[in-house]
Amino acid sequence: MLNRINWKQTIPWAAALVALSLLGGLPMLFGPPEAQSYLVRFDTEWLVIYSLVVLWGIFGLLTLFPALREGLRRLRARPVIYAYLVALVFVICVLMGLVLLQPMQIHPFPKFSLYWMGVCLWSVIFLLGYDMSDEQLRAIGRGLTGAKWEVGHAVKDNTAKPFVTVSADGVLLTLLTLFVMFMGVEFWLRYSVVQTSGFSLGNANHQWNTRYWQMNDLGFRDPLPQETDNRVVIVLGDSVAAGQGIPYEEQRFGNQLGALLGDGYDVYTVAERGWNAQTQLGRLQEFPLTPDIVVYSYVLNDITEAFEDVTGSRDEGELFRRESGPLRAVTKRLFILDYLHLNYGPAYVSYRNDYADVTSLMYQNEEVWDVHTDEIHAIVDWSREQGADVVAVAWAEIQGNSLYDAPYARVLDVLAAKDVPTLDTRAIIEAVPMWERFAFVSDQHPGVVLQEPVAEGLHALLLENNIVAE
């Protein structure tokens, strides 16, 4: 058969296939933003053209070269192998389509994804049905149902010994089953798992952001500020105040506080993930409205910038977020690999296990603590200089890790020394069962259940200190 092929005639086809393969691989080398100018060509109209070109190319190859048709017939003599190869083409086609065309979830389920899978299915039908008789199709079916692993016992020297007969067909069916299972898990992770992670990492966290996290032009997850005659309340903080893991803004404690305050108050949340005390003060100063009340949402990792200023080294968590391993460029394209890498990879597991130790050590460094104390004072002093009343909500560690007890006590003492009325959240957190406190199993930010009691506690604190009226 090989001798009957005119290899010179196949060179243009081979060159075209190589070129298409290289073009298809470009998005694998770059992230979605960098490859956007290329990916935009994969809209429905272009997919129609590409699929027709591919199918025409397959038909053309089989038509121009009778030897290929003969090879196809001979391959069909091994029905399981042939069916396996065709199914493998389909799996790879769908998988590469997801990786290249849709590296992240798009809501709702995009039409072009359905179309792409339809093109892949049509390719399989074409390969199965092209120039094939009914008897050949039935032979493939019989081969698939008859291929299996044989396990039994053989009697030798009056001793029964187990044996396993491994056929090529059985191996191929096993591999195909594994491929199908892999695709099933990939689809489930890609389209069903929408949740945050503790360090805002991973595709599932990206999916959650795509669905729930919308920011205004100032970079806040809030409506744009407007001048009114109402009193301006600013909730200042980081990911906890911004609502990491809280699907809807109205569920956050700041928004619920606004609902309790009622008419006459405009509540804005000036917060974002990863902000520490220095950044919080800078963004508070840049806010276009002058606050009448500042609610300072304190979290125990707010000390990080002070630690970096004093020691000259970045927090290990920030290093992990930016440099999460050389495999990240590959794992982020497949949701299965991304999940395994971020939940069981050594970099993530090591930092997650050491997080409490790292944070508590920052508070034990007296030079770092002095700098951080000045940061807290700066937020309180600047707010009061604007004529604002200041209250605080101190978020205790919701897992109850004793390593945080001493740092938490130091923060409460600093706020008390500045005469800042502070809501101690320990009693609120302890009243909620452990498994209900978290935003998600993978994210130990305070969940929805804790938002309402914190808002009620803050409202009571404001009333108690005559900052607001009934």
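Cut-offs used in this document
Sequence order as written defines the numbering, with residues in each chain counted from 1. Only residues with pLDDT of at least 70 are given local features in this predicted model, and only at 80 or more are side-chain atom pairs given and counted; all residues enter the totals for whole chains, interfaces and linings. In computing side-chain properties, one takes all heavy atoms of the structure into account and sets aside hydrogens as well as water. Residue exposure (1.4 Å probe, protein chains only): buried if accessible area is under 20% of the type maximum, exposed if over 50%, otherwise partly exposed. Secondary structure is summarised from DSSP: a helix means a run of H or I of at least four residues, a strand means a run of E of at least two, and numbering begins at the N terminus for each. Should DSSP find at least two bridges between two strands, the strands are regarded as paired. Only heavy atoms matter for contacts: two residues are in contact if any of them lie within 4.5 Å across the pair. To get an axis, a line is fitted to the C-alpha atoms, and for a helix only the part in contact is used. The angle between two axes follows their N-to-C directions and goes from 0 to 180 degrees. Should an angle fall under 35 degrees it is called roughly parallel, over 145 degrees roughly antiparallel, and 65 to 115 degrees roughly perpendicular, with every other angle called oblique. Helix crossings fall into two classes, left-handed where the near helix is turned counterclockwise from the far one by less than a right angle and right-handed where it is turned clockwise.

**Digging into the pairing of strand S3 (residues 231–237)**
Among the seven residues in S3, six count as buried, and that is most of the element. The sheet contact formed by S3 and strand S4 (residues 265–271) spans seven bridges and is parallel. The partner of Arg-231 across the bridge, within S4, is Tyr-265. Of the strand pairs in this sheet, S3 and strand S5 (residues 293–298) are connected by four bridges, and their pairing is parallel. Among the inter-strand pairings, Leu-236 is bridged to a residue of S5, identified as Tyr-296.

**Focus on helix H11 (residues 253–261)**
Restricting attention to buried positions, one finds in H11 the residues Phe-253, Gly-254, Gln-256, Leu-257, Gly-258 and Leu-261. Residues of H11 that are buried in the fold lie against S3, helix H10 (239–242), S4, S5, strand S6 (389–394) and helix H22 (448–464). Positive backbone phi, at 80°, marks Gly-262, one or two positions downstream of H11.

**Examining the side chain of Thr-359**
Topologically, Thr-359 is positioned in helix H17 (residues 346–364). A relative accessible area of 3% places Thr-359 in the buried class. Excluding residues that lie within four positions of it along the chain, Thr-359 makes contacts with Leu-300 and Tyr-404.

**A short note on the packing of H11 against H22**
Two elements in contact, H11 and H22, have axes separated by 8 Å at closest approach and are oriented at 50°. It follows that H11 is oblique to H22 by the angle criterion. Of the two possible hands of crossing, H11 and H22 adopt the one that is right-handed. In contact with Phe-253, Gln-256, Leu-257, Leu-260 and Leu-261 of H11, H22 contributes Gln-451, Glu-452, Val-454, Ala-455, Glu-456, Leu-458, His-459 and Leu-462.

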